[in-house]
Every structure is written in structure tokens, then in C-alpha cells.
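Results of the structural survey
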Amino acid sequence: MEEEEIMWKLDSNSVESATIGRVMSTLLSSRPRKLQEAIFRFGSNPHQTSVSSSDESLWFLNKYVTDAVEKKDSLDQILVPMIESSLKYRGRKHSNQPMIILNWLFQEKLLCKALVTSLATMISRKEDRYIALGWCTLVRELLEVEITMTQPTKNGVSENYYALLEILCACIPRLTVIMCDGSGLQDGSELPTRLSVAAADCFLALTEALTRKTLLSKVPSRNNASNSVVALSRIAENKVEPVTTSSEASNNVELDWLLWDHLDELIVLVQKLVAWNRKSRPLYAKGLEQVLKWLEEIKSHYGNFPDETDKKILKTGVLLLSSCWKHYSRLLHLEDHKISQHYKDLLEQYLSGIQFYTENCTEKRTENGDTTGIETRKFFLNCLSLLLGRFDQQQFDRIMLEYGIEISNALLSQFHSADEDVIEGSFSIFKAAVFKANYSSSQSRSTGTSMMDSVVPSLLDLLNERNVTSKAVVMLVAEYCFINTDGHCLQEILKLLDSPNALQRTNAVDVVRELIRISSDSVHVLSNSMWQDVAKRLLERLADEEPEIRSNTSNLLPMIDPSLIFPSLVHLFYSSDERVCLSASDALIAVLKYHSEKHEVIFMLLDSLSNLTQSLDIPDSSRDKGQGGSMLDFDKVRMLIAEWSKSVKDWKLLIEPLIDKMLAEPSNANIVKFLSHISEHLADNADIVFSRVLLHMKGQELDKSFFARPDSRTCTSNDSDAFTRSLFDRLCPLLIIRLLPLRVFNHLQSRVLYGQCNEVLLHASKNGDIDMNRHDCVATLLMNRAFGKFEFEDVRKLAAELCGRFHPKVLFPIISSQLEHAAESQDILKIKACLFCICTSLVVRGWDPKFCNVLLKVRNSIEKVLLWRSLEGDEVSKAQHGCIDCLALMICAEVQTPESIRNSSTSENIVAGKMCSRSPTLNYVISQLMHGKHEFMSPPKLNSKTYISESSFPLPFRICMANTLISACQKISDIGREPFAQMTLPHLVHSIEVVRDQEIRAACIQVVFSVVYHVKSAVLPFAPDILEVALKSLREGSEKEKMAGAKLMASLMASEDPILECISEGLLEARSLLSVMSSTDPSPDLRQLCKKLLVCLTSP
């Protein structure tokens, strides 16, 4: 029996469900008029058994809902079909059957409450997005329903409206979640889904319904516009006090508080609307932003009064929110086609309100801090933005044709306000209304142009001050200048740049800045003539009296085509006016940084400098006096380059074009100087530099007709221009390499630099022979230029210098072999080039003991050259001078090693002179000078009188050794003076005592003189012995020795105080000796010198 009862109940439920489904289908498919008539007849025949008619369906539905409410069963089978029907027939005429049914059922309060409660919970219970979309549609229709009954009957929705709102308000948090979760990103913009749009509109309908108590019964006509303005303004100023009954007033207050309780959700709603409309409807989004700002201000100002004492203030905020939101909410709907039917009335109300409160209210604050009229004007401006911003382009154009002048005049009056929000709101509307309208027809285009032309003079008058208004006008005028093709407005702005009013000039600069920004963001560009005018006027502002204008101008110039400004800007950079010069400097730095990786801009700078160099208008103050002519002071450019180089991120984009430009213009000194200031960056990309140089040098050919005879190698060409071009062309790549720091030559694995030279190293070639005709690397090309048979002398010297920078592992094996072959064949040019290479290497790299054997080979070759007979001034003597300098630099390099300097402080070395063994070249030179042969120098005994034996080496060779020591004295650095003196003086002093040859003794005395003169205080330990040498040479020496001794005496007397104190006792003897010689010596020159020395000794 129990199973049968259960089965009977299941069957009964199934039958009942099927029946209610057919009933709902019948009712929802009925015509609205028939359905209303059936509702009117309801109750006349309640005992019907069939469900084939609307009357019977209503009877069954009423019984089903009543039973479900009594049993507290679910009402979803009633509500879901209504939701589906609302969604299916949304927006169609004669499709309000669900509203008719709900209005009928709502006539019984018990059923109404149950149905609404079930409907309210359904949005949270049902996760189906389709149901949620239909739910939002049904609820919005329910809140906005306007049912016209054909028969007199009660309106269930109206009678239970407040209760309905109270229950449905609980759905607001859920609607907020649906709205937020329904957003997605597309092309960087946030866009809503269909469901989130429906949820937002349902949210708006619900909150608008909470304010419906104050809605106007009908939209006012234009004749009644002034009354509407007053009503709306009183709402914005919170002065509305609706006339209602006591029960209505109580309900109104409750609804006001319900709206206030959901203020946070309102803020979230408007935030989402702003995000959804920001890109597609900018004016509408701007109005939304103002509404959002107002809501946040309401919350901030009125939301912090929880105490009863402050309840009155809170009530004010609650009423203000309700009063204004009823108008904002109707303008915020995303889907609302009704508003376009009466937009004219709303537009007229808003414009009239703006005009009324602008003319009749001041902006002075009242005693309680309020600003009379300002908040009302903000309200109307916000409404106007929301109204105009929601229309599509076609509707917007139509409105502008009819109301454009009226709108522009109303908004222009707002630019005189001191309130930023009023200015900002007016600017947004004005920009869209006047400058953004798309006038499609010729008539409308003419109307639009006329309207714009009529307002521009008024806008320009507002640029006489610096305030909030001027900032807004700056943007508006810039917008108009951009779209005004005849350039008339732009010319008016450029005239303001010359205005005696500094504020006008400042605003004009701001207009130009905004114009440049607009142009950079648009595919439409200004004409070239317009840009030329702008550039010319801006450059003139670099001399403005106002620092702000000069600074703003400097910041603007980078955004203009550099070709329009560089020549004049560089000229201003060299102006004699310091103020103009500084402004131009700032502008140049800004331009270079803005185009940091565009080589074309650097070319413009270099070309402008070159053109200015050739100009006759260069001020004398900017000429480089040291260079002569009209060379510019390039040091001023160094600062620009330093600042610009900091902004370059990828030097590879610049280096190759810069190298190519220098190779194309080899005589352009400005390019060389420019590259010298970025040498470290060139070094970081050395392979690029070497590759471009190598490619260029491979393609060069030397015209041998420049040289009349191969032996003389002198240029006899009458074509001096061709000669100069060829010279610079061959010098240019070498100058580029010379700009590189030494570290780039340390990359032994660089194929482009060393090429086959590495093969010589890898195979440990002993003779260092290399094919210099193979142009596979920079090194062989440089050696070819340095050692080639035909070459310009300047090119040969520079190439030899660059070869001297090679890594010693590459240089010395090759150069020693080349020098040896040259010495054997007596090739003077190659000898000089080899010596120059070695000298350069010793200067830039110093001494390396690892290459002693190679340098010994070099020294042997030098010895051969020095033994050649020569005449003063011939080529052999020039080569021998090079040998002397090379030996001197070898001595300096050896003496200046850290080990030699470190050991120079030991007393043992000072006394014995053992340090000479640490400098094999110095030992060699002194040995040849003293003995005429190379033997190890034992520590000399200064008091020994034993004469040394002298070889048959010719005297000129030994004199060359003395000259080598003199040259070393001149070249020695400060840190090498002390070890050099300690290594040299003991042997020289001793040699003067024991050498028999008068010429050699005189030469040795001359060397000692050079040591004392150049090494200065380092000779202190040897000062007494040196003085004795000078005295002895004056007493006993030949005429040359006496003259050398007198000079040595003079050098000692001119020394520092410690040396003078050390020789003070010997100076008494010197005075007596000088007194005798000044009167008795046969040489007049010597007598004269002795008299001068005697005066120095006897004067106080």
C-alpha cells in the first residue's frame, strides 16, 4: 500500500508538472488583450475541469500558486517560463504577457511576497547564464512596467511596489558580482558580455526605482523648460521636498536609505561603466568619470557620521544621493531606446539650467562652505556629457546641426569659472561638440566650420592669463589648429609667440606643444610649410626673456623634424649671447637624446657644424684661435656628445653609418673630433670599425704619378686638388683606427685585425717574415702603408705609429725582421718606419722582459745603422737620429719598470751602481761610450785613476751613445729619474776621470750636465762628485771640456736648496776658480760665462 501511495504521488506530481507547463505555455502565448479580458472574467465560473481556455488556465495557475505558497513549495515552474518568455520576446511589441500575469498574481499580497521572494533567490540559486540573462530582463521589465488595463482592475505591481523593491534590493550584491565577472579584455580595452550588460541595466533599473518617488510625472515641454530647470536645480542643490502623504513619506525615506546602503555597489557599477566606454564613447566615459568622482565625494563627505548627533548631516547626504541618482541612472543605461525619443527636451533643460545658474549665481562660498550654483552647474554638465556622449555619430551630427551654436555658447561661458571640475566638464563637451563632429554633407561641413570660426576668437581671448581656463583652452585651440587646414588659427597662435605679454607667449608655447602631441598621435600630418613656420618661431623663443619659455621651447624642439631646426639651432649654439647659447645647448641635447639611435640626426649635426665652419658669420668668440682660420671650438660640442652618448642603447646601429660618413668625407675634421669623443664605444664594437676600414682600404689605389722618381718619393703633381684628395683618402681610415684606445689591439684572436699575423705566431716563425701584400687583415694593410715603396710621408708615419700599437707578440717578431732586412739593404724609409713603430710601442706599452731577445736583435740592427757614415742633414743622419731616439726610449722603458723603481731606494745600489745591470740597453750604451765596445760594466771605483782601454769604434758612433743618454734624460718620466741617475752617474763620473779622449770626456760632461738639468733632485747623492768633475774640467780640461764644465757648474748652482747645501763647501773653491778664469781664459765665450757665474756666487 505504501509503494502504491508513493507511486500515486509521483504520478500525481508528474501530471501536475505537465499540466502547469501547458498552462504557462497557453497563457504566455495568448494575446495581451485576450489575457487581460480573461483576468477580468476570472472567478465567474470556478468549477471548470478542462484546461483548454485562458480562463481555465488562469484558474489552474491561481490554484497551483496558492497551494504552492501554502505548502511552501518551489515556484520555479511558474517563474522560469516567464523568464524564458521575457528573454525570447525581449524588445518586441505586445510581448508583456509575463508582466500581465505577475500584475494579476501580485494583487494578493501573500502571493506577491512569495513570488518576489522566490524570484529574488533564483539569481543566486541558478548558475545557468541563460537563466541569469532572462532574470535580469524580467526584473527590469517588472521595475519599469507600465500596464494599461482594458478593464478596471487593481494594479498589483503598483500596490506592492515598495515591498517588491525591498525584496529585490537584496539581489544587488549578486548583480554586482555578475557585472564584474562578465568583463573581458580585447585589444587592451575592457568590454562587457551580454550578461554583464543586462546585469548593469537591471542594477540601474532597480536603483532608479528606489528614487522613483521624485520622478516627474511627464517630460516638460520647451515652453515649460524654465520650470523644469528650477526643479532639476533644486534637486542638484538638495532642496526638493516632494508633497506626499505620511505613508508615502515613510516609504520614501526607507527607499532612500536602501539606496544609501548600496553606495559602494553604485561606485563599482560606475567604475565598470567607465572602463567599458572609455575607448568607444570618450565623452560618455568622461561624464561617467565625473559621476564617479561625485559618488566618491558623497561617500567621503557624508559616510563618516555614525553618531545620532550627526544623523541630520547623514540624512542630507542620503537625500542628495537619491535626488541626483534618479537623473543620472536614466542616462547610464547601456540599452535604452526610449531616451532618444525625448532627448530634445532633456537637452533644452540641461542647457537652460547651465545658462540660468551661470547668469544668476556667483561662485562665492557661503558661510557653511558651499558654493552657490557651482554644484548645480556640475550636475547639468555631467548630465549633458552623458546625454550627448551616448549618441552614435549620425545622431550626434544631427544634434550639432540643430543645437551646435547654442551648446558652444553655453560652454564658452563656463570657461570663466574658477572651478576645475566645471572647466574640465565643459572642455570635454566642447571638444566633442565643436571639434569632433563629423560633418558629412557640404552644407553641414560649412555649418561646422562657421561654428568653429565663430568661437575661436573667444577662445584666443582666454589665453591672456595662466589659470585652469587657459589650460583647457590651450588644448581646444591646439585641436582646432590641427583640423584647420588653411592654417589661419595656427598663424594667430604663432603671432602670440611674439606678444609682449609673457603669459600669452607661455600659453602659445603650450598650444604648440599640444599641437605637436596631437599630430604625433594621428595619421594626418600638418603641411611642411606649417612645420617650418612653427620651427622658426620656436627657435626665436630660445632668446626669450622668460626662463620658463626658453626651457619649454628647448623641450619642444626634439619633437619637430630635425632637418627644420638643426642649421639654425647649431648657429644659435655658437651665439655670443650666453642666454641664447645655453638654451640652444639644452635644445640640442634634448634633440640628440630624442633621436638617440638615428644616425641621420648625427649627420645633420655634423653637416651643420661643417657648414657653420665655412660660414663668414661665425662670431670671433667661437673661433679656435689655436687652429687658425674659422675652425669652431669643438670643445663646446664635447658636452653635447657626452650627454647624448648616455642615451644610446644600441651602438651597432650608429657606428657603421658614422664610419662610412667619415670615409666618404675624409677631410671633414668635425667628424674626426666627433668620433674621438665616442672612442670607447667604438672600441666596444671594434670588429665593426675594423671591417668597414678594411673594406675601404682594400678598394684604395695609389696614383704613382704623384711621385716623380721612386727614389726621391717627392710629389711633383700639378694637380694639387687631386693630390690633397688622395692624401686625405689614404689618411682617413688610419685616423679612424688612431681614435681607438690601445685595448682593441690586445685581441690577438681578431681575424679582421691580425689575420695571417696570427699564423706567424702559431707556427713560431723565427724570422718574422710576412706577406704584406696580402690584404686579409688590418695589420698587413697598415704595414703595407708603413713600409711600402710608394706612399705619402704623412700616411707612412701614421701607419707606422699604428703598427706600434700592435700587441708585442705580433709586432716585435715582424718588426725586428723588417728592420734587419732594411739595415742590410740600407732602405732608409723602411728603417725610419720600423724605428717609429718600436718607439711607439715602447711609449704606449712600456718594457716587457719577455721580448729582451727580440730587442737585442733590434739593437744590433741599430748598431749597424749608427756605424754608417753620414753628413749633417742627409737621410742617413735622419735615420741615425731615429736610432738614437729608439735606444733612448728603450733605456727609459727599462729604467721605468716597477722593479727598477722599487730597487732604487737601496743604499747598496746607490753606492755601487749595480742597478745598471737591470737595464741592458743602458749598460750597452755606457759601455760603448766609455770603451767603444760592449762589455759588462763592473761597479766603478770613483777614486780610481786607472785609464780604460778604448777600441777602434769610430768617434761619431761613440758620440751617438752620448747623444742617446742626453735624449734619455729628456724623455725620462718623473718616476724614472731616481733609478736613471743611480744607474748612470757613477759610471759617467768615473769615465770622465779615466777616459783619455778629450772629445769623449767633453761628451760625458755634457751628458752629466743633461742629467743634472733634467733629473734635478735625484742627483743629490752624487752632487759633490759632480761638482768635482766640473771644477776639474775647468782647471785641466780642453776648451770643450771647460765650456761643458762651466755649463755643468751653472746647472748645479741652479739646483734645489738641498743640492746647494750639499756642495756649499766646494762653491768657495769654485768662486776662486771662476774669478781667475773670468779674466785669464783665452776663450771670450768662456770668460763671459764665468763672469755670470761669479756674479751669481757673490750676490747676496
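Coordinates for the structure precede this section.
Let me sum up the structure you'll find in this document. Computed from a prediction, not measured in an experiment: that's the story for all the values here.

**Observations regarding the overall build of the chain**
Scanning the chain for helices and strands turns up 54 helices and 2 strands. In the chain, which comprises 1100 residues, the proportion classed as buried is 52%. If you take every contact in the chain between residues at least 6 apart in sequence, the share linking residues at least 24 apart comes to 73%. As displayed, the chain has an accessible area near 51000 Å², and 50% of this comes from carbon and sulfur atoms.

**Digging into the pattern of salt bridges**
For the coordinates displayed, the defined rule picks out 50 salt bridges. Across the salt bridge formed by Lys431 and Glu479, the nearest N and O atoms sit 4.0 Å from each other. With Lys431 in helix α20 (residues 420–435) and Glu479 in helix α22 (residues 468–483), this residue pair connects regions lying 48 residues apart in the sequence. What makes Lys431 partly exposed here is its relative accessible area of 26%. The shortest N-O distance in the salt bridge between Asp544 and Arg505 comes to 2.8 Å. Here Arg505 lies in helix α24 (residues 502–520) and Asp544 lies in the loop between α25 (528–540) and α26 (547–556), a separation of 39 residues in the sequence. What makes Arg505 buried here is its relative accessible area of 8%. Taken together, the shared-partner salt bridges in this structure form one network comprising Lys293, Glu375, Lys378, Asp419 and Asp421.

**Brief notes about the packing of helix α51 (residues 1039–1053) against helix α54 (residues 1084–1098)**
Between α51 and α54, the shortest axis-to-axis distance is 10 Å and the interhelical angle comes to 20°. Classified by the angle their axes make, α51 and α54 are roughly parallel. Both α51 and α54 take part in a crossing whose hand is left-handed. Residue-level contacts link Lys1042, Met1043, Ala1046, Lys1047, Met1049, Ala1050 and Met1053 of α51 to Asp1085, Leu1086, Leu1089, Leu1093, Cys1096 and Leu1097 of α54. Residues that form the contact of α51 with α54 fall into these classes: 10 nonpolar, no polar and 3 charged.

**Structural notes on the pairing of strand β1 (residues 183–186)**
Regular strands place side chains that alternate from one sheet face to the opposite one. The sheet contact formed by β1 and strand β2 (residues 189–192) spans 4 bridges and is antiparallel. Bridge pairing links Ser183 to Pro192 in β2. Where β1 folds back on β2, the antiparallel hairpin that results is connected by 2 residues, among which Asp187 adopts a positive phi of roughly 55°.

Criteria and cut-off values
Residues numbered from 1 in each chain as written. Predicted model: local features only at pLDDT ≥ 70, side-chain atom pairs only at ≥ 80, totals over all residues. Heavy atoms only, no water. Helix = DSSP H or I, 4+ residues; strand = E, 2+ residues; numbered from the N terminus. Buried < 20%, exposed > 50% of the residue type's maximum accessible area, 1.4 Å probe, protein only. Contact = heavy atoms within 4.5 Å. Areas by Shrake-Rupley, 256 points an atom, 1.4 Å probe, with all protein chains shown as cover. Salt bridge = Lys/Arg side-chain N within 4 Å of Asp/Glu carboxyl O. Axes fitted to C-alpha atoms, helices over the stretch in contact; angles between N-to-C directions. Parallel < 35°, antiparallel > 145°, perpendicular 65-115°, else oblique. Left-handed = near helix turned anticlockwise from the far one by under 90°. Nonpolar A, V, L, I, M, F, W, Y, C, P; charged D, E, K, R; others polar. Pairing = 2+ DSSP bridges.

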